[in-house]
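# Chain and residue survey
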Amino acid sequence: MNPTGNDGRALPRAGRALPWALVTPALGWTLLFFVLPFIAMGLSSLTAHEGGGFTLTNYSQFFTNPSYWQAMVNSLEVTAIVTVVSVLLAYPFAWILAEQVPERWQRLALMLAVLPFWTSYVVRSYSWLLVLAQNGVINRALTGSGLVTEPLQLANTRFATVTGFVHFFVMLLTLTIFANLKQLSPSYRKAAADLGAGPVRTFLHVVLPLTLPGIMVGAFLTFVLCIGDYITPQILGGNNELLMPQLVMMQIGRRGDFPLASALSIILMAVVTIAYLACARWLKIERA
Amino acid sequence: MRQFVRVASWVYALAVYGFIFLPVVVLVLFSLQSTSFPIPPFTGPSLRWYEAVLSDVRLTSALVNSLLVAALSSATAVTLGFLSAWGFARFVLPGSGLLRGLITLPLTVSYLIIGMGLLVLFNWAGVPKSLLAAGIGHVVINLPLCFAIIYSQMGDHQINIERAARDLGAPEWKVLLLITVPVMAPAIFAGFFLSMTFSWDEFVISFLLTRFDTTLPVEIWNLLRSGLNPKTNAVGSLVFAVSIVLVVLFELTLLRRKPA
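Numbers given for residues are sequential positions, taken from 1 along each chain in its written order. For naming, the first written chain is A and the first written ligand is 1, with later ones following in the order written. Reporting of local features is limited, given that this is a predicted model, to residues whose pLDDT is at least 70; pairs of side-chain atoms are given and counted only at 80 or more, and all residues count toward the totals for whole chains, interfaces and linings.

### Some points on the overall build of chain B
What counts, and what does not: Segments assigned H or I by DSSP are reported as helices when at least four residues long, segments assigned E as strands when at least two residues long, and all are numbered from the N terminus. Only C-alpha atoms enter the radius of gyration, while the globule expectation follows 2.2 Å times N to the 0.38, with N the number of residues.
Within chain B one finds 11 helices and 1 strand. From first element to last, N terminus to C terminus, chain B shows the α and β order α-α-α-β-α-α-α-α-α-α-α-α. Taken against the 2.2 N^0.38 rule, which gives 18 Å for 260 residues, the C-alpha radius of gyration of chain B at 23 Å runs more than 25% over that of a compact globule. Principal-axis analysis of the C-alpha atoms gives chain B an extent of 70 × 65 × 30 Å.

Given below as structure tokens:
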């Protein structure tokens, strides 16, 4: 089949190459630097680190070595906690911005709420380290006010990792949930009120169910971005417990073991894909 | 009841704002510290750590590298994204949906995995670690974004002006340069600035694909090994400032496109 113009007209013979000339650079780039690396990673994951012959041990190690398995469990736990806490914090916040803040201040309020979103990953995590350090701001405030006598161990814990993540994803989810609430037509609320529902019932039976698909999309985005992030757990969690991205980077950094790192990356991607397929049913509702 | 909701809303919103701004305020405040530890009590204000940053050749050259990689990779991404978006919008191509899906596919994969794949490929092909390698990776993550932004903004309105120009006898290249590019300028700039922001902040791909000459986030990462240090605060505050400028430019260019 030959390409045609978007006006339905057939192209002159000389013009038939043009459409392909336009899209080929982008397609070529994607094939060469995204698809091909992925294939290389797949092949690498099936070769032995020593010797280079075909092997499945890179994958079987994941299931037999308890510390690798534990990294996945840690990753899933942290991601689940982060996703739930972020949604619970962001929803009321987005609701307040959309419903309680006067219309003309809303843009500014929202812009302010997501400003730190644009600090770089590394800097943001470092900033939390400052806040949570042994002699950081929070510990000084706590000991200074006499609430605790000994500084708390806040940095280099799972709590620190979760805090750093929640900080980022509250901003992301506030954006998506806010957009969702604003898209909701006011006539739904009027209809509910006309039928005698109070504000609480209107919220529970009308607003919440209608924004649920948006929440699901935001939560899924949180899951994907959170489970693949290396920086936040590495800077804030320390090496007390490993998450999957840290485990992957460790194979490259310390041992130069690309095959194992590739296999672990592919397993991580498989988990994300499974999560996507499991949620696909709810994620699709949005398009309807 | 209504009064209670109001008060509770205020308290809650202020608490969340506090949580969101706490690390940023601490970062910027202690970048002005005059002593050597970025922890309370505050001893500033002093600009000595900013001076320390600006006289550190490793940091300043990393900053230049970062800007260079961001500008060049974003220009490449936006050019490829624009040409393909126009190709798909202007012509009906066989398998168009599938091909568009392929271009946007990298959006669904984490940076770590994109970086890993390129590392393995370059390692096999004997391509040395370099800023160019990192730049290639940045185009991979930003091309789908530019494509999606520009493609979504190509509507009937623009197709009609193009058709008018073509009916008046303009050859295809003239339509592209004199009609499509100016009409699409806001989307093109928006794609460019958003790409700049992401490339400027990107860590893991640069970390995996560069060695001696590297980008600013990787250099900041190296600074972190020395523990808490007001110099890190200062350079972090500078990075934040640049990001804010890019985001504001992005907002302005996208918002300027108010349909008349």
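### Re the overall build of chain A
Definition in use: Any residue whose C-beta has 12 or fewer other C-beta atoms within 10 Å is treated as exposed, any with 20 or more as buried, and any in between as partly exposed, C-beta atoms being built from the backbone. Distance between backbone-placed C-beta atoms decides contact: two residues are in contact if it is within 7 Å.
Counting secondary structure elements, chain A contains 12 helices and 1 strand. When the helices and strands of chain A are read in sequence order from the N terminus, they spell out β-α-α-α-α-α-α-α-α-α-α-α-α. Reported as C-alpha extents along the three principal axes, the dimensions of chain A are approximately 70 × 65 × 30 Å. Expressed as a percentage of its 288 residues, the buried residues of chain A come to 39%. Taking the contacts inside chain A whose residues are at least 6 apart along the sequence as the reference set, 69% of them involve residues at least 24 apart.

### Topic: the interface of chain B and chain A
Stated precisely, the cut-off is as follows: Note on residue classes: Ala, Val, Leu, Ile, Met, Phe, Trp, Tyr, Cys and Pro are nonpolar, Asp, Glu, Lys and Arg are charged, and everything else, Gly too, is polar. Should DSSP find at least two bridges between two strands, the strands are regarded as paired.
Each partner contributes residues to the interface: chain B has 72 residues there, and chain A has 64 residues. Of the residues forming the side of chain B that touches chain A, the biggest block, 15 residues, is contributed by helix 1 (residues 2-31) of chain B. Of the residues contributing to the side of chain B that touches chain A, the split by class is 56 nonpolar, 11 polar and 5 charged. Sheet analysis places strand 1 (residues 4-5) of chain A next to strand 1 (residues 91-92) of chain B, joined by 2 bridges and oriented antiparallel. Counted as the bridge partner of threonine 4 of chain A is valine 92 of chain B from strand 1 of chain B.

### Re the packing of helix 3 (residues 66-99) of chain A against helix 9 (residues 199-227) of chain A
Residues and elements named next belong to chain A. What counts here: Between the N-to-C directions of two axes lies an angle of 0 to 180 degrees, each axis being a line fitted to C-alpha atoms and, for a helix, fitted only over the stretch in contact. What makes a crossing left-handed is the near helix being turned counterclockwise from the far one by less than a right angle; a clockwise turn instead makes it right-handed.
Contact geometry for helix 3 and helix 9: axes closest at 9 Å, N-to-C directions at 145°. Here the hand of the crossing between helix 3 and helix 9 comes out right-handed. Contacts from Ser75, Thr79, Val82, Thr83, Ser86 and Val87 of helix 3 reach helix 9 at Ile215, Ala219, Thr222, Phe223, Cys226 and Ile227. Taken together, the residues of the contact of helix 3 with helix 9 break down into 7 nonpolar, 5 polar and no charged.

### Quick notes on the nonpolar core
Put simply, the test is: The nonpolar core is taken to be a set of buried Ala, Val, Leu, Ile, Met, Phe, Trp, Tyr and Cys residues joined by way of C-beta atoms within 7 Å.
If you look at the biggest cluster of nonpolar residues, it comprises 145 residues, and the most contacted ones within it are Leu129 of chain A together with Leu143 and Ile150 of chain B. Of the residues forming this core, the biggest block, 14 residues, is contributed by helix 6 (residues 131-153) of chain B.

### Observations concerning the packing of helix 8 (residues 186-194) of chain A against helix 9 of chain A
Residue and element names in this part refer to chain A. Note the following rule: Roughly parallel means an angle under 35 degrees; roughly antiparallel means over 145; roughly perpendicular covers 65 to 115; every other angle is labelled oblique.
Orientation of helix 8 relative to helix 9, taken along the N-to-C sense of each, is 160°, at an axis distance of 10 Å. Between helix 8 and helix 9, the angle is such that the two are roughly antiparallel. Here helix 8 runs over helix 9; the crossing is right-handed. Here Tyr188, Arg189, Ala192 and Ala193 of helix 8 come into contact with helix 9, specifically with Thr202, Val206 and Leu210. Broken down by class, the residue content of the contact of helix 8 with helix 9 amounts to 5 nonpolar, 1 polar and 1 charged.

### A look at helix 5 (residues 121-132) of chain A
For clarity, the threshold we go by: To estimate the expected span of a helix, subtract one from its residue number and multiply by 1.5 Å.
Taking 1.5 Å per residue as the helical rise, helix 5 of chain A with its 12 residues ought to reach 16 Å, and the 17 Å between its terminal C-alpha atoms agrees with that figure. In terms of burial, helix 5 of chain A is a largely internal element, 12 of the 12 residues being buried.

### Quick notes on the confidence of the model for chain A
Defined as follows: Residue-level confidence of the predictor, termed pLDDT, takes values from 0 up to 100.
With 93% of its residues at a pLDDT of at least 70, chain A reaches an overall mean of 85. By mean pLDDT, the top-scoring element of chain A is helix 3 of chain A (92), and the lowest-scoring one is strand 1 of chain A (72).

### Thoughts on the environment of proline 230 of chain B
The topology assignment puts proline 230 of chain B in helix 11 (residues 230-255). Taking C-alpha positions, proline 230 of chain B is 6.5 Å from serine 36 of chain B, a pair spaced 194 residues apart along the chain.

### Overview of the environment of serine 36 of chain B
Tracing the sequence through the fold places serine 36 of chain B in the loop between helix 1 and helix 2 (48-54). A sequence separation of 86 residues divides serine 36 of chain B from phenylalanine 122 of chain B, and the C-alpha atoms of the two residues are 42 Å apart.

### A few points about the environment of asparagine 74 of chain A
Residues and elements named next belong to chain A. Relative to the helices and strands, asparagine 74 resides in helix 3. Taking the C-alpha atoms as reference points, asparagine 74 and threonine 211, 137 residues apart in sequence, are found 30 Å from one another. Excluding anything up to four places from it in sequence, asparagine 74 contacts Glu241, Leu242 and Leu243.

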